[in-house]
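The lines below spell out each chain.
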Amino acid sequence: MSHERTVANAALQAAQLEQAMAEGLQQARRRVGAAAMQVERGVGEAMDSARAQMGQAADRVEGVFDDTVSRTRGLWTRAWVALLRWFDTSAALPADTAVADRIDWLRVAPFIGLHLACIAVFWVGFSWFALGAAVFLYLIRMFAITGFYHRYFSHRAFKTSRPLQFLFGMIGASSVQRGPLWWAAHHRHHHRHSDQPGDLHSPVQHGFWRSHMGWFMTPRAFGIDFKVIPDLARYPELRFLDRFDILVPVLLAALLLWIGNLLEQYAPGLGTNGPQLLVWGFFVSTVVLFHATVTINSLAHVWGKRRYQTRDDSRNNFWLALITLGEGWHNNHHHYPASVRQGFYWWEVDLTWYALKLMSWCGLVWQLKPVPARIRDARTRRPGG
Ligand SMILES: [Zn+2]
Ligand SMILES: [Zn+2]
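Since the model is a prediction, treat every value here as computed from it, not as a measurement.

Moving on: the overall build of the chain. When helices and strands are tallied, the chain shows 16 helices and two strands. Against the 2.2 N^0.38 benchmark of 21 Å for 385 residues, the chain shows a C-alpha radius of gyration of 40 Å, more extended than a compact globule. When the backbone C-alpha atoms are referred to their principal axes, the chain occupies close to 160 × 60 × 35 Å. A total of 385 residues make up the chain; the buried ones form 33% of that total. Residue pairs in contact within the chain that sit at least 24 positions apart in sequence constitute 66% of those at least 6 positions apart.

All right, on to helix α4 (residues 128-154) then. An α-helical turn contains 3.6 residues, so any two residues separated by three or four positions project in the same direction. Taking the largest bend as the criterion, α4 deviates by roughly 25°, centred on Phe148. Burial runs high along α4: 19 of the 27 residues are buried. The first or second residue beyond α4 is Arg156, which carries a positive phi of 50°.

All right, on to the domain arrangement of the chain then. Examined at the domain level, the chain breaks down into domain 1 (1-87) and domain 2 (109-376). Computed over C-alpha atoms, the centres of domain 1 and domain 2 are 78 Å apart.

Two elements in contact, helix α6 (residues 180-193) and helix α10 (residues 236-243), have axes separated by 7 Å at closest approach and are oriented at 90°. In terms of axis orientation, α6 runs roughly perpendicular to α10. Where α6 abuts α10, its residues Pro180, Leu181 and Trp182 lie against Leu238, Arg239, Leu241 and Asp242. Across the contact of α6 with α10, the residue classes break down as five nonpolar, no polar and two charged.

This paragraph deals with unusual backbone geometry. Of note, Arg156 is a non-glycine position whose phi angle comes to about 50°, a positive value. Structurally, the position occupied by Arg156 is in the loop between α4 and β1 (159-160). Among the residues examined, Arg156 registers 15 C-beta atoms within 10 Å and is labelled partly exposed. Phi at Arg178 takes a positive value of approximately 65°, unusual for a residue other than glycine. For Arg178, the location among the structural elements is in the loop between α5 (162-173) and α6. With 22 C-beta atoms packed within 10 Å, Arg178 lands in the buried category.

Here the focus is the nonpolar core. One finds Ala134, Ala144, Tyr149, Phe153, Leu181, Ala184 and Trp280 to be the most contacted residues of the largest nonpolar core, which totals 44 residues. Contributing elements (two or more residues each) for this core: α4, α5, α6, α10, α11 (247-266), α12 (274-298) and α15 (351-361). Per-element tally for this core: the top contributor is α4, with 13 residues. Not counting the four nearest positions on each side in its chain, Ala134 is found in contact with Trp280, Gly281, Val284 and Ser285. Ile296, Leu299, Leu320 and Ala321 belong to the second largest nonpolar core, which has seven residues in total.

This brings us to the packing of α4 against α5. For any two helices packed against each other, the geometry is given by the interaxial angle and the distance between the axes. At a closest axis distance of 8 Å, the pairing of α4 and α5 adopts a crossing angle of 125°. Between α4 and α5, the angle is such that the two are oblique. As α4 packs across α5, the resulting crossing turns out to be left-handed. Residue-level inspection shows Ile140, Arg141, Ala144, Ile145, Phe148 and Tyr149 of α4 in contact with α5, the latter providing Phe168, Gly169, Ile171 and Gly172.

We now examine the confidence of the model for the chain. Put simply, the chain has an average pLDDT of 91, and 98% of its residues get 70 or more. With pLDDT under 50 throughout, residues 381-385 is counted as low confidence; its partners more than four residues away or in other chains account for six contacts.

One can find Trp128 in helix α4. Assessed through the 10 C-beta atoms surrounding it within 10 Å, Trp128 is described here as exposed.

Here Gln177 lies in the loop between α5 and α6. With 22 C-beta atoms counted inside 10 Å, the residue Gln177 sits in the buried group. Among residues more than four places away in sequence, those in contact with Gln177 are Ile145, Trp183, Phe290 and Thr293.

The rules we used
Residues numbered from 1 in each chain as written. Chains lettered and ligands numbered in written order. Predicted model: local features only at pLDDT ≥ 70, side-chain atom pairs only at ≥ 80, totals over all residues. Helix = DSSP H or I, 4+ residues; strand = E, 2+ residues; numbered from the N terminus. Rg over C-alpha atoms; globule rule 2.2 N^0.38 Å. Buried ≥ 20, exposed ≤ 12 C-beta atoms within 10 Å, placed from the backbone. Contact = placed C-beta atoms within 7 Å. Bend = angle between axes of the 7 residues up to and from the residue. Domains from an automatic or database assignment. Axes fitted to C-alpha atoms, helices over the stretch in contact; angles between N-to-C directions. Parallel < 35°, antiparallel > 145°, perpendicular 65-115°, else oblique. Nonpolar A, V, L, I, M, F, W, Y, C, P; charged D, E, K, R; others polar. Core = buried A, V, L, I, M, F, W, Y, C linked by C-beta atoms within 7 Å. Left-handed = near helix turned anticlockwise from the far one by under 90°. pLDDT = per-residue confidence, 0-100.

Encoded structure:
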């Protein structure tokens, strides 16, 4: 009996054990399943996030690439337009305020080259003839700038014929100070905004170098405001001079080279030759002429006496009047810009005025506008003056 019970007990225990094992196994299977699902979810999430990150990185790379391409394309376009503008000043870009006041070195490279070319005097040597040519070309071109670019084109201080207007426009253009339309448009702007923030070449606003030469090396000054020069823009021959303003200087340079070569051959006693006449007559003369002219922007608003209380800082200066053939009486000029003479009294040397007077006697120019005595003798601020 006891043996039977023992067997039954053992069987019961075995059944219980089997059940416990089955339950344990089931539980273990559930846990493994849950863990596997968790791992699977984790892997899925990690892959999703990696995929998203890769997408973002690709987008970023693409963005940088697009940016670089468009910036490079912008640079190339700007460089190309700068080069085009050497030959055709009407080449233009849409206004970009970011670079409007930054010097465009490529555009102004010919102007810098003009200065560097002067170093060639050490190779071509000296002759009195070449120096004489430089002085002559300085005087005639300074007269074209002061008498015509300034007093005629910018201020209409006298009248002349259309051929003479073109001739002096051309002599002025050989000074490498751009065409008569560009010059006059910017000069009229100067009179409207003298020494105010809008004045592109005010030494009071922008300092010496900017007023002397920095201002016209920036895109803001490259174009022409045709609205302020309708009286000049109606002449196609003047528009041509302005658009292709490199043409006349190149022709003058070529002419000097040619004449110098002829003189070397047929008049060796003069001691000159093509390269020498080119360097002195064109490069040296033009650079000196340029810097003398722009002292009226940079110095004549700072250095000298103020006879009239104009609303700007313009000055009268004998030395500047001497080197610019009369333009140094700049305070007089701002007081009454319409006058053909800028030296208001006999002792105020104004060679441009003498030359224009001489031309008027020959009938080449006429209706020279004088300065009325009451305006000349007024010492107080004149509204709008
Ligand atoms: Zn001025
Ligand atoms: Zn003026």
